[in-house]
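Coordinate analysis (summary)
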Amino acid sequence: MIPGFDLPAFIAATLAEDLGAGDVTAAAVIPPDARFSALMNSREAITVAGLPLAEGFFRALDPGVQVERLVAEGAQVAPGAALMRLKGQARALLSAERSALNTVQHLSGIATLTRRYVDAIAGTGATLLDTRKTLPGLRLLEKYATRMGGATNHRMGLWDAAMIKDNHVAVAGSVEEAVARAVAAGIARIIVEVDRLDQIEPALAAGATHLLLDNMPPPVLREGVAIVGGRVPTEASGGVRLETIRAIAETGVTYISVGRLTQSAPAADIGLDFTLD
């Protein structure tokens, strides 16, 4: 489902964290042969992400569970929408419930917030990017969720592009020197963060392949885009909010990166209602 992500290991580790020596409540209260039917539903308008992972948790504890996914990943649904129907061993479904819900709530929350940002810049030509501001160990999952919300993944890690920021420039002595060192190292993608317009030409002359225009208000961004003149992609970043992203997109930047997509998304309100068969 997610290239490079070890789903079985994630499910096993998550269940081990929650179950420990076993679900003492279910074992004490629920008869071993009891069966439940369950319906997962959204209690608010959301963009859906994570249903295959939720299914994986239930299957890990009840391999014979019957699962029907009722909506597609990335679907936008209204409050009250049914997302998944389950039928299986009552103890197993109860024991997997929290892990399954935590995951789908978190990922759907990210996808839902992402979709709001995507919708806010519709028609401008700008592309929304995510960032590396993810929870440790969950980057692939969280970036999957931003894709379900309509964003484009950007920089999966420190290995896939050079990203020259102010601290690198401070050590190297200048933007030109920092870029020159990346070029000499044979790095193909060299992203350079600039926070002043007078840094643009030196960065381009040295070999930058992508410019990140950091914390610039729209009038300055527009001027920066004009200076670049389409020679490399431009990216606006820094403090981008729903109420400001449209004006930023209308400056003509190629990309807008938003850390809030993964850093600040609230969990989606999703529930799971059980009935005894």
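**Observations regarding the sheet that holds strand β12 (residues 270-276)**
Spatially, β3-β5-β1-β12 is the arrangement adopted by the four strands of the open sheet, whose pairing is antiparallel. Where the open sheet ends on each side, the last strands, each with one partner, are β3 (66-69) and β12. Neighbour to neighbour, the strand axes of the sheet diverge by 15° on average, direction disregarded. Relative to strand β5 (residues 82-89), strand β1 (residues 35-42) is paired through seven bridges, and the arrangement is antiparallel. In the strand pairing of β5, Ala-38 is matched with Leu-86. With respect to the sheet, helix α3 (residues 51-61) is in contact with β1, β3, β5 and β12, its orientation differing from that of β5 by roughly 5°.

**Re the nonpolar core**
Of all hydrophobic cores here, the largest spans 81 residues; its most connected members are Met-40, Phe-58, Leu-128, Val-192, Leu-211 and Ile-256. For this core, the leading source of residues is helix α4 (residues 90-120), giving twelve residues.

**Details of the packing of aromatic side chains**
If you walk through the whole model with that rule in mind, you get three aromatic pairs. Ring geometry for Phe-36 versus Phe-274: centroids 5.2 Å apart, planes at 35°, classification tilted. Of the two residues, Phe-36 sits in strand β1 while Phe-274 sits in strand β12, which places them 238 residues apart along the sequence. What makes Phe-274 partly exposed here is its relative accessible area of 22%. Joined through ring pairs, the aromatic side chains of Phe-5, Phe-10 and Phe-57 make up one cluster.

**Describing unusual backbone geometry**
Its identity as a non-glycine residue notwithstanding, Arg-155 has a phi of 55°, on the positive side. By the secondary structure assignment, Arg-155 is in the loop between α5 (139-148) and β7 (162-164). We classify Arg-155 as buried; its relative accessible area is 10%. Even without glycine at this site, Asn-215 takes up a positive phi of about 55°. In this structure, Asn-215 sits in the loop between β9 (210-214) and α9 (218-228).

**A word on the sheet that holds β7**
Strand order in the open sheet formed by six strands is β6-β11-β10-β9-β8-β7, with parallel pairing between adjacent strands. Two strands lie at the open edges of the sheet, namely β6 (127-129) and β7, each paired on one side alone. With direction set aside, neighbouring strand axes in the sheet form an average angle of 25°. Where strand β10 (residues 234-237) lies against strand β11 (residues 255-257), two bridges are found, and the strand directions are parallel. Directly across from Glu-235, in β11, lies its bridge partner Tyr-255. This element, helix α7 (residues 175-184), spans β7 and β8 (190-194) of the sheet and lies at about 170° to β8.

**Details of the packing of α4 against helix α10 (residues 242-249)**
Closest axis-to-axis distance for the α4/α10 pair is 9 Å, and the angle between their directions is 40°. For the crossing formed where α4 meets α10, the hand is right-handed. Together, Arg-116, Tyr-117 and Ala-120 of α4 and Leu-242, Ile-245 and Arg-246 of α10 make up the contact between the two elements.

**Structural notes on the pattern of salt bridges**
Counting across every chain of the model gives twelve salt bridges. Residue Arg-43 pairs with Asp-269 through a salt bridge whose shortest N-O separation is 4.0 Å. Taken together, the residues Arg-43 in the loop between β1 and β2 (46-47) and Asp-269 in the loop between α11 (260-263) and β12 connect sequence positions 226 residues apart. Given the relative accessible area of 45%, Arg-43 is considered partly exposed. One salt bridge connects Arg-231 with Glu-201, and the closest N-O pair in it is separated by 2.8 Å. Taken together, the residues span a long stretch of sequence, with Arg-231 in the loop between α9 and β10 and Glu-201 in helix α8 (residues 200-206) at a distance of 30 residues. With relative accessibility at 38%, the residue Glu-201 sits in the partly exposed group. Where salt bridges share partners, they join Arg-43, Asp-269 and Asp-273 into one cluster.

**What to know about the side chain of Thr-112**
On the secondary structure map, Thr-112 appears in helix α4. Setting aside residues up to four positions removed in sequence, Thr-112 forms contacts with Ala-45, Ile-46 and Thr-47.

**Regarding the side chain of Asp-160**
Among the structural elements, Asp-160 can be located in the loop between α5 and β7. One buried charged side chain, Asp-160, makes no salt bridge at all; its nearest oppositely charged neighbour is Arg-155, positioned 4.3 Å away. A polar contact of 2.8 Å, which involves the side chain of Asp-160, links it to the backbone nitrogen of Met-156. Residue contacts for Asp-160: discarding those within four places in its chain leaves Arg-155 and Arg-189.

Thresholds, definitions, all that
- Residues numbered from 1 in each chain as written.
- Predicted model: local features only at pLDDT ≥ 70, side-chain atom pairs only at ≥ 80, totals over all residues.
- Heavy atoms only, no water.
- Pairing = 2+ DSSP bridges.
- Helix = DSSP H or I, 4+ residues; strand = E, 2+ residues; numbered from the N terminus.
- Axes fitted to C-alpha atoms, helices over the stretch in contact; angles between N-to-C directions.
- Contact = heavy atoms within 4.5 Å.
- Core = buried A, V, L, I, M, F, W, Y, C linked by side-chain atoms within 4.5 Å.
- Buried < 20%, exposed > 50% of the residue type's maximum accessible area, 1.4 Å probe, protein only.
- Phe/Tyr/Trp six-rings, centres within 6.5 Å; stacked < 30°, edge-to-face > 60°.
- Left-handed = near helix turned anticlockwise from the far one by under 90°.
- Salt bridge = Lys/Arg side-chain N within 4 Å of Asp/Glu carboxyl O.
- Lys, Arg positive; Asp, Glu negative; His and termini not counted.
- Polar contact = N/O pair within 3.5 Å; in protein donor to acceptor, adjacent residues only side chain to side chain.

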